[in-house]
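Below, each chain spelled out in residue letters.
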Amino acid sequence: MTDHIIRLQCDAQNYPWGKEGSDSIITDFGPEASGRDWKFDENTPYAELWMTTHPNLPSKLYNNPSKLLSKHLDEHPELLGAVPGKFPKPVEGKNDKHVPFVFKILTCKQALPLQIHPDKKLAAELHARDPKKFADANHKPEIAVALTPFLGFAGFAPFDRIESNLRSVPELAQFLGGLGSYTEYLDDPTSADKLKALVKDILAMNQKSSGLVESAKDTIKAVTGLAEPEKERGGGDAQGVVRSLIERIERDGPGAVFAGTMWNQEQRQRIEKALKKTQEFYAGDPGIIVACFFMNLIELTPGEAMYVQEDGLHAWLDGQIIELMANSDDVLNAAFLEPGEKDDLNIFVDAMRCDPRPAETYKIKRQRWTMSEGAGAEVYQVPAEEFSLYHVAGESTSTTIKPLNGPTIAILTSVPSSGTATIVDKTAGSTIDVKKGQVYFIAAGTTVEFGAGVEAWAAFYDDQAREQTGDMK
Ligand SMILES: [Zn+2]
């Protein structure tokens with residue numbers, strides 16, 4: 001018989017947009033999560049900690065680091081309960097058994113690429129065409145839960161907001177005015193097809209000068225009274241316009257650029273902050289225009305969560321989050337990276353979901369979970385079938401989670417500052433002393449108790465149990 005609670009050895013991805021060194025919460029968890037002496041470098045970005053069986057950075061067994069969790073599950077499929085055979089596996093590791101999700105801690109100091117994750121059909125096509133780049137033939141709906149205050153772009157803002165942005169920011173109107181798709185969209189401002197055509201034209205602008213630049217410069221001069229932008233500024237069309245907008249914010253104060261729009265003062269300032277932040281890292285990238293003038297900018301306070309469906313446009317901007325998604329690492333990128341790294345815009349825009357709606361509709365509820373006893377857990381109502389998430393944070397009382405019919409992976413994000421911290425396998429009657437940052441696999445059918453003072457975030461599969469909720473939070 002094998003243990004039902006198994007400590008894992010996990011590793012981090014060093015994507016360039018991650019927070020660096022001790023700014024990244026991952027360095028806080030890393031030594032215990034990795035289970036080895038992890039030497040952190042203050043200048044290295046620690047973007048994502050992966051807790052998963054996915055072959056792109058698979059977790060291993062802490063007690064036997066030469067063995068992948070996916071191999072162990074292949075030898076002991078009963079640990080996965082109802083999962084085997086239910087969901088597509090990663091193509092690469094198809095001979096092993098998998099949890100149906102990728103669980104991450106993610107940190108970002110600058111915008112991630114403006115991206116979508118292809119739906120199942122497109123993912124299969126892309127994988128067949130280029131299996132190296134698109135490792136999976138699976139979709140990737142995902143949730144983000146804030147660990148620190150978090151800002152991210154997700155989906156298109158409601159039509160009336162987009163229209164008011166386009167009509168009330170003169171620099172933008174002039175900048176886009178030369179595009180046929182701009183006029184066509186404003187003639188029919190609730191047409192998703194016309195919106196897509198305009199967004200495609202903007203994303204297709206390269207970062208070199210185009211015919212639009214000169215006319216935009218004239219307008220900037222007329223509207224703002226500023227002298228013509230310096231010569232080097234003209235290197236990019238989007239760059240000059242965004243710089244002029246930032247100058248106007250600085251000159252006229254917070255809220256100035258979006259003053260005529262439908263955003264309230266708080267929202268205006270948030271978007272202006274995003275405008276500056278994206279310009280700081282991606283000057284000249286036309287994705288700045290798409291993100292700041294067409295999309296929802298969503299702010300999450302710690303504990304709040306949002307959900308992005310397959311094919312949903314998004315770009316996280318700043319903060320540290322829990323991220324949880326279906327078993328895929330496929331992505332299509334259209335902005336906020338080197339021009340040569342952008343994906344085919346035709347495929348991107350064809351697939352891109354275009355259902356403008358308010359930011360609030362991206363947020364998902366957390367509720368008191370009746371599968372928990374004692375101090376209790378909160379469970380997130382994730383629309384995706386493959387995964388859900390619970391959070392335990394009993395300060396002076398322990399929390400017991402009743403058996404689930406699928407697997408769980410939990411990271412311990414806080415333990416009491418004094419005394420012992422434990423989790424208890426109540427099914428087997430064994431107690432484990434734990435430390436902050438450790439990551440555990442918990443088998444289907446296990447009753448687990450998180451000791452007093454232990455805070456844990458846990459990704460799990462159980463399509464029935466996650467509905468067992470009490471009062472709304
Ligand atoms: Zn994503």
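Residues numbered from 1 in each chain as written. Predicted model: local features only at pLDDT ≥ 70, side-chain atom pairs only at ≥ 80, totals over all residues.

Draft legend 1. Structural context of helix α9 (residues 237-252). Across its 16 residues, α9 extends 23 Å between first and last C-alpha, which sits within 8% of the 22 Å expected from 1.5 Å per residue. Taken together, the buried positions of α9 are Asp237, Ala238, Gln239, Gly240, Val241, Val242, Ser244, Leu245, Arg248 and Ile249. Looking one or two residues past α9, Gly253 carries a phi angle of roughly 95°, positive in sign. (Helix = DSSP H or I, 4+ residues; strand = E, 2+ residues; numbered from the N terminus. Expected span 1.5 Å × (residues − 1). Buried ≥ 20, exposed ≤ 12 C-beta atoms within 10 Å, placed from the backbone.)

Draft legend 2. Quick peek at the sheet that holds strand β21 (residues 422-425). With respect to topology, five strands assemble into an open sheet ordered β16-β19-β24-β21-β22, the strand pairing being antiparallel. On the outer flanks of this sheet lie β16 (372-374) and β22 (430-433), each paired with one strand and no other. Each adjacent strand pair in this sheet contributes to an overall mean axis angle of 20°, direction not counted. Both β21 and β22 contribute to a ladder of four bridges, which runs antiparallel. Pairing of Thr422 across the sheet is with Asp433, part of β22. (Pairing = 2+ DSSP bridges. Axes fitted to C-alpha atoms, helices over the stretch in contact; angles between N-to-C directions.)

Draft legend 3. Spatial organisation of unusual backbone geometry. Its identity is not glycine, yet Asp311 carries a phi of approximately 70°, on the positive side. C-beta crowding within 10 Å serves as the criterion here: with 21 such atoms nearby, Asp311 is assigned to the buried category. Backbone geometry places Phe336, a non-glycine residue, at a positive phi of 60°. In this fold, Phe336 is placed in the loop between β13 (332-335) and α12 (345-351). Residue classification places Phe336 among the buried residues on the basis of 23 C-beta atoms within 10 Å.

Draft legend 4. Just the packing of α9 against helix α10 (residues 265-282), in detail. For the pair α9 and α10, the least separation of the axes is 10 Å and the interaxial angle reads 135°. Between α9 and α10, the angle falls in the class oblique. Remark: the crossing between α9 and α10 carries left-handed chirality. For the pair formed by α9 and α10, the contact residues are Val242, Arg243, Leu245, Ile246 and Ile249 on the first element and Glu272, Leu275, Lys276 and Gln279 on the second. (Parallel < 35°, antiparallel > 145°, perpendicular 65-115°, else oblique. Left-handed = near helix turned anticlockwise from the far one by under 90°. Contact = placed C-beta atoms within 7 Å.)

Draft legend 5. Layout of the pairing of β21. The hairpin formed by β21 and β22 contains four residues between the paired strands, and Gly429 there has a positive phi angle of roughly 75°. As paired strands, β21 and strand β24 (residues 448-450) are joined by three bridges and run antiparallel to one another. For Ile423, the partnering residue across the bridge sits in β24 and is Phe450.

Draft legend 6. Representation of the confidence of the model for the protein in the model. Predicted confidence across the protein gives a mean pLDDT of 91, with 93% of residues reaching 70 or more. Confidence drops under pLDDT 50 across residues 208-236; counting only partners more than four residues distant or on other chains, this segment forms 50 contacts. (pLDDT = per-residue confidence, 0-100.)

Draft legend 7. Spotlight on the nonpolar core. Among the nonpolar cores identified, the biggest contains 134 residues, and Ile143, Val290, Met306 and Leu389 are the most heavily contacted of them. Examining the composition of this core, we find that eight residues originate from one element, strand β12 (residues 314-326), more than from any other. Residues from two domains meet in this core; each of domain 1 (1-15 + 32-37 + 58-86 + 365-473) and domain 2 (159-290) gives at least three. Those residues in contact with Met306 that sit more than four places away from it in its chain are Ile143, Ala144, Ala154, Ile298, Leu300, Tyr362, Lys363 and Ile364. Of all hydrophobic cores here, the second largest spans six residues; its members include Leu122, Ala123, Ala135 and Ala137. (Core = buried A, V, L, I, M, F, W, Y, C linked by C-beta atoms within 7 Å. Domains from an automatic or database assignment.)

Draft legend 8. The arrangement of the environment of Ala359 in detail. Inspection of the secondary structure assignment puts Ala359 in the loop between α12 and β14 (363-364). Judged by the 19 C-beta atoms lying within 10 Å of it, Ala359 falls in the partly exposed class. Leave out the neighbours within four places in its chain, and Ala359 touches Asn296 and Ile298.

Draft legend 9. Here's a closer look at the environment of Thr107. With respect to the element layout, Thr107 can be found in strand β6 (residues 101-108). On a C-alpha basis, the gap between Thr107 and Val349 in space is 27 Å, while along the polypeptide they are 242 residues apart. Every residue in contact with Thr107, bar those within four places of it in the chain, is listed here: Gly18, Lys19, Ser24, Ile25, Ile26, Tyr46, Ala47 and Gln320.

Draft legend 10. How the structure looks around the pairing of strand β25 (residues 455-460). With five of its six residues buried, β25 lies for the most part within the structure. Bridge count for strand β18 (residues 388-393) against β25 is six bridges, and the pairing is antiparallel. Note that in β25 the partner of Ala393 across the bridge is Glu455. Relative to β25, strand β20 (residues 408-414) is paired through six bridges, and the arrangement is antiparallel. Looking at β25, one finds that Ala410 is bridged to Ala458.

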